[in-house]
Structure formats: C-alpha cells, structure tokens
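Notes for the structure review
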Amino acid sequence: MIVYDLECRAAQHRFEGWFKSSGDYARQQKQGFVACPHCGSTNVAKAVQAPRLARKGNQLPERAGVSAAKAAPSPPLAKPTARDALPPQAVELLQTLATMQAEALKSSRYVGDKFVDEARAMHYGEQDAEAIHGQATAADARELLEEESDLCRCRSRS
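Below or above, wherever it landed, is the structure these notes cover.

Thresholds applied
- Here, residues in each chain are numbered from 1, in the same order as that chain's written sequence.
- Residues qualify for local features only when their pLDDT is at least 70, as the model is predicted, and side-chain atom pairs are given and counted only at 80 or more; totals for whole chains, interfaces and linings, by contrast, use all residues.
- Only hydrogens and water are removed before side-chain values are computed, so all heavy atoms of the structure are retained for them.
- Secondary structure counts use DSSP, requiring at least four H or I residues in a row for a helix and at least two E residues in a row for a strand, with both numbered from the N terminus.
- Categorising residues by exposure relies on relative accessible area from a 1.4 Å probe, with only protein chains included: less than 20% of the type maximum marks a residue as buried, more than 50% marks it as exposed, and the intermediate range marks it as partly exposed.
- Residue contacts are defined here by distance: any two heavy atoms, one from each residue, within 4.5 Å place the two residues in contact.
- Using a 1.4 Å probe, the Shrake-Rupley method yields the accessible areas, and only the shown protein chains count as cover for residues.
- Basic side-chain nitrogens of Lys or Arg form a salt bridge, by our definition, when they fall within 4 Å of a carboxyl oxygen of Asp or Glu.
- Should DSSP find at least two bridges between two strands, the strands are regarded as paired.
- Axes here mean lines fitted to C-alpha atoms, for a helix over just the part in contact, with angles spanning 0 to 180 degrees between N-to-C directions.
- Polar contact is the term for a pair of N or O atoms within 3.5 Å; when the atoms are in protein, one must be able to donate a hydrogen and the other to accept it, and sequence-neighboring residues count only if both atoms are side-chain atoms.

**Notes on the overall build of the protein**
The secondary structure content of the protein amounts to 5 helices and 5 strands. Reading the secondary structure of the protein in the N-to-C direction produces β-β-α-β-α-α-β-α-β-α. Buried positions account for 17% of the 158 residues belonging to the protein. Here the analysis covers contacts within the protein between residues at least 6 apart in sequence; of these, 36% occur between residues at least 24 apart. Put simply, the protein shows about 12500 Å² of open surface, and 56% of that area lies on carbon and sulfur atoms.

Written out as structure tokens, the structure reads:
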C-alpha cells in the first residue's frame, strides 16, 4: 500500500489517500474517483509531503512523540557467556589451561617484539636457553616452526 497526502485545490483541505500502487492512484485520479472527503471536490492533487521511510529492524520505535534517541535506554540484554554455552568438562579444562598459562608467564621473561630474535639466538646456541614470551607476527612464527622442523630432520639423519 502507498499512502499519499492529498490536497483539495478548491478549498485547501488536506487528507490521506491509500492506494495499491502509484499506478492505481493515477488511474483513480484520471477517472475522477479521488474526491475530497470534506467538500466532495474532485480537484485533488498530491500534497507536498516528507518521505515516509520504513523503520529498519535495528532501530527503536518512537514513543508518544519522544524520539528513540531521547527515550530512556533499555536495560542491556544478558549476553551468554562461554560458561553458559560449554559443557562443565570444557569449562574446567579451560580454567586449568588459563591457570597453567598464568604460571608459565610468571616464570618466563617478557621480550616484547624481540621474541623471534631471542628464540633464534637460543635455538642456535648464541645465548643461554630460558623461558621467554613476547610478540611475533604469524609469518615469523611460521618461519620459526619451519626452521625447527628442518633442524630436527637434519639432526635425525646424522
């Protein structure tokens, strides 16, 4: 359905008209079926109007003259947590892993973005081996793994 604001040109009356389509409005207008409900005049035309846009599904409706932006915010919805979505055994395993990671971090030295250089130096015996943690790009991490893999294969052949 299309809703038009219409205006009676004879007496300046304004009213709404509901039509199946814009073509239906044009056909009824041409045949003289569109008439002013106040005075009966068929001298009717579309009035200037603001566009009527359908509200998106993610927008709040306006309440009694108060715009959605000025309306009181709704309480936030409770978001499901991993604890709610996982079986108890998985939650317990994740807690154990988190505890182990925290302990490993306590007993290692943070080297920041020097991780790759420090790991290589230890791997090749250029510095004493110790537990370290830091940052590496995905590409650098892959290279380290490939180097380790290549060295292990070389050692196993000799």
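From this point, things continue past the structure.
**What to know about unusual backbone geometry**
Here the phi dihedral of Gln-12 falls at roughly 65°; this positive angle occurs in a residue that is not glycine. If you trace the backbone, Gln-12 turns up in the loop between strand 1 (2-8) and strand 2 (14-19).

**Concerning the pattern of salt bridges**
The full count for this structure, using the stated rule, is 5 salt bridges. Residue Arg-27 is joined to Asp-24 by a salt bridge in which the shortest nitrogen-to-oxygen separation is 2.7 Å. Within this pair, Arg-27 and its partner Asp-24 are both found in helix 1 (residues 22-31), separated by 3 residues, close to a single helical turn. The salt bridge involving Glu-118 is made with Arg-109; its shortest N-O contact spans 3.0 Å. Within the structure, one salt-bridge network assembled from shared partners comprises Arg-109, Glu-118 and Glu-130.

**Digging into the side chain of Glu-118**
When you line up the elements, Glu-118 lands in helix 4 (residues 115-123). When residues no more than four places from it in sequence are discounted, the contact partners of Glu-118 are Arg-109, Val-111, Gln-127 and Ile-132.

**Digging into the sheet that holds strand 2**
Adjacent strands of a sheet form backbone hydrogen bonds with each other and so pair up, either parallel or antiparallel. Taken together, the 3 strands give an open sheet; going across it, the order is 2-1-3, and neighbouring strands pair in antiparallel fashion. Strands with a single pairing partner mark the edges of an open sheet, and in this sheet they are strand 2 and strand 3 (44-46). Taking the axes of each pair of neighbouring strands and ignoring which way they run, one obtains an average angle of 40° across the sheet. For strand 1 and strand 2, the ladder comprises 6 bridges, and the chain directions are antiparallel.

**Quick notes on the environment of Glu-143**
Tracing the backbone shows Glu-143 in helix 5 (residues 138-157). Glu-143 sits 27 residues away from Val-116 along the chain, and the two C-alpha atoms are 9.4 Å apart. Of the polar contacts made by the side chain of Glu-143, one reaches the side chain of Arg-120; its length is 3.3 Å.

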